[in-house]
Amino acid sequence: MPELPTYLAFLVAVLGYQLSGPGPDMLLVISRGIGQGWRAALATATGCVFAGVIQIPLLAMGLASLVTSSPVAYGLLQLLGAAYLIAIGTQFLLMRKGAETTHTVTAKKGGLAGAFRQGMICNLTNPTALVFMLAVLPQFVHSSTGSPAMQFIVLGATMKATGLVILGAVALASGAVGRWLARNAGFLVWQERLAGAIMIAVGIKLLLAAIIPGRR
């Protein structure tokens, strides 16, 4: 286990990173909240955090360095994440007015599972999150205080837990905005289109980061 001063220093660093500005995860949660309400947004946020179940063990075993040390693998991961977000955003933009009722039923039946899955994929295909974990976590791991693997797990779990709190708050806030927009029936489809535009914008940003060296 990390010592208390080390753990608190890590907590401050992580909160500073997570509150520094909206990344792909946060923007995806916002777009879900505006487009489909707080439940879908919260499911997306949970999916983003649940990606840690895969990331943290990989990091603890040292396999994450294999991806981040390879420019080809890093760029491929960015391209996959960009393509995924652009594809989802395009679907939202193409939402037809006549599909409002069908969409509502679908959201009730399977939309939450889909939102959870999209959040998880978004986080897993966002190399920035992996690089941050790889670059920062080792600075707070000391072999003299116990098992390095266990310290990685504790710190990684802490990072995901704080992420859930922040993304959860964003989900509830964006959901409130979505409800406000939904009071006018004519805004329903435009909510979806706004959500799609946000997703596409994030996807393009990731795409440019992968194509143009040094752009992050």
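Each value, and the rule that gives it
- Residues numbered from 1 in each chain as written.
- Predicted model: local features only at pLDDT ≥ 70, side-chain atom pairs only at ≥ 80, totals over all residues.
- Heavy atoms only, no water.
- Helix = DSSP H or I, 4+ residues; strand = E, 2+ residues; numbered from the N terminus.
- Buried < 20%, exposed > 50% of the residue type's maximum accessible area, 1.4 Å probe, protein only.
- Contact = heavy atoms within 4.5 Å.
- Areas by Shrake-Rupley, 256 points an atom, 1.4 Å probe, with all protein chains shown as cover.
- Axes fitted to C-alpha atoms, helices over the stretch in contact; angles between N-to-C directions.
- Parallel < 35°, antiparallel > 145°, perpendicular 65-115°, else oblique.
- Left-handed = near helix turned anticlockwise from the far one by under 90°.
- Nonpolar A, V, L, I, M, F, W, Y, C, P; charged D, E, K, R; others polar.
- Patch = residues over 30% accessible without salt bridge, like charges linked within 9 Å, V, L, I, M, F, W, Y side chains within 5 Å.
- Salt bridge = Lys/Arg side-chain N within 4 Å of Asp/Glu carboxyl O.
- Phe/Tyr/Trp six-rings, centres within 6.5 Å; stacked < 30°, edge-to-face > 60°.
- Core = buried A, V, L, I, M, F, W, Y, C linked by side-chain atoms within 4.5 Å.

This brings us to the overall build of the chain. Within the chain, the secondary structure is distributed over 10 helices and 0 strands. Mapped from its N terminus to its C terminus, the chain presents α and β elements in the order α-α-α-α-α-α-α-α-α-α. Split into buried and exposed, the 216 residues of the chain put 43% on the buried side. Across the chain, contacts joining residues at least 24 apart in sequence account for 85% of those joining residues at least 6 apart. Of the roughly 10900 Å² of accessible surface on the chain, a fraction of 72% belongs to carbon and sulfur atoms.

Between helix α1 (residues 4–18) and helix α8 (residues 127–136), whose axes approach to 12 Å, the crossing angle comes to 160°. One element, α1, and the other, α8, form an angle in the roughly antiparallel class. Crossing angle aside, the handedness with which α1 passes α8 is right-handed. When α1 is examined against α8, the residues Phe10, Ala13, Val14 and Tyr17 are found in contact with a partner set consisting of Thr128, Ala129, Phe132 and Val136. Looking at the contact of α1 with α8 residue by residue, the class counts come to 7 nonpolar, 1 polar and no charged.

Let us now look at a nonpolar patch on the surface. On the surface, Phe50, Val53, Ile54, Leu58 and Met61 cluster together to form a nonpolar patch covering roughly 460 Å² of accessible area. Broken down by element, the residue count for the nonpolar patch peaks at 4 residues, all from helix α4 (residues 52–61). Relative to the elements of secondary structure, leucine 58 occurs in helix α4. Since its relative accessible area comes to 34%, leucine 58 is described here as partly exposed.

Right, let's talk about the packing of helix α2 (residues 24–36) against helix α3 (residues 38–50) for a bit. Relative to each other, α2 and α3 sit at 160°, their axes nearing to 7 Å. In terms of axis orientation, α2 runs roughly antiparallel to α3. Helix-helix and strand crossings are classified by hand; for α2 and α3 the assignment is right-handed. Within the contact between the two elements, α2 uses Asp25, Leu28, Val29, Arg32, Gly33 and Gln36 and α3 uses Ala40, Ala41, Thr44, Ala45 and Cys48. Residue composition of the contact of α2 with α3, by class: 6 nonpolar, 3 polar and 2 charged.

In this section: the packing of aromatic side chains. Going through the model one piece at a time under the given rule, you end up with 2 aromatic pairs. Ring plane angle 70° and centroid distance 5.4 Å describe the contact between phenylalanine 10 and phenylalanine 140, whose orientation is recorded as edge-to-face. Remark: phenylalanine 140 occurs in the loop between α8 and α9 (148–182) and phenylalanine 10 occurs in helix α1; sequence separation between them is 130 residues.

Let us now look at the environment of isoleucine 88. Inspection of the secondary structure puts isoleucine 88 in helix α6 (residues 71–93). The class for isoleucine 88 is buried, based on a relative accessible area of 4%. Here the alpha-carbon distance between isoleucine 88 and glutamine 118, two residues 30 residues apart in the chain, equals 8.8 Å. With residues near it in sequence (within four places) discarded, isoleucine 88 still touches Gln118 and Met199.

The next point concerns the nonpolar core. If you look at the biggest cluster of nonpolar residues, it comprises 13 residues, and the most contacted ones within it are Phe10, Met133, Leu137, Leu155 and Met159. Looking at this core, the elements with two or more residues in it are α1, α4, α8 and α9. Beyond its immediate sequence surroundings of up to four residues, leucine 155 is in contact with Pro2, Tyr7, Phe10, Leu137, Phe140 and Val141.

With that out of the way, let us pick up the environment of phenylalanine 116. Inspection of the secondary structure puts phenylalanine 116 in helix α7 (residues 100–124). Phenylalanine 116 sits in the partly exposed class, given a relative accessible area of 27%. For the pair phenylalanine 116 and alanine 40, spaced 76 residues apart in sequence, the C-alpha separation works out to 7.9 Å. In contact with phenylalanine 116, not counting residues within four places along its chain, are Ala43, Thr44, Thr46, Gly47 and Phe50.

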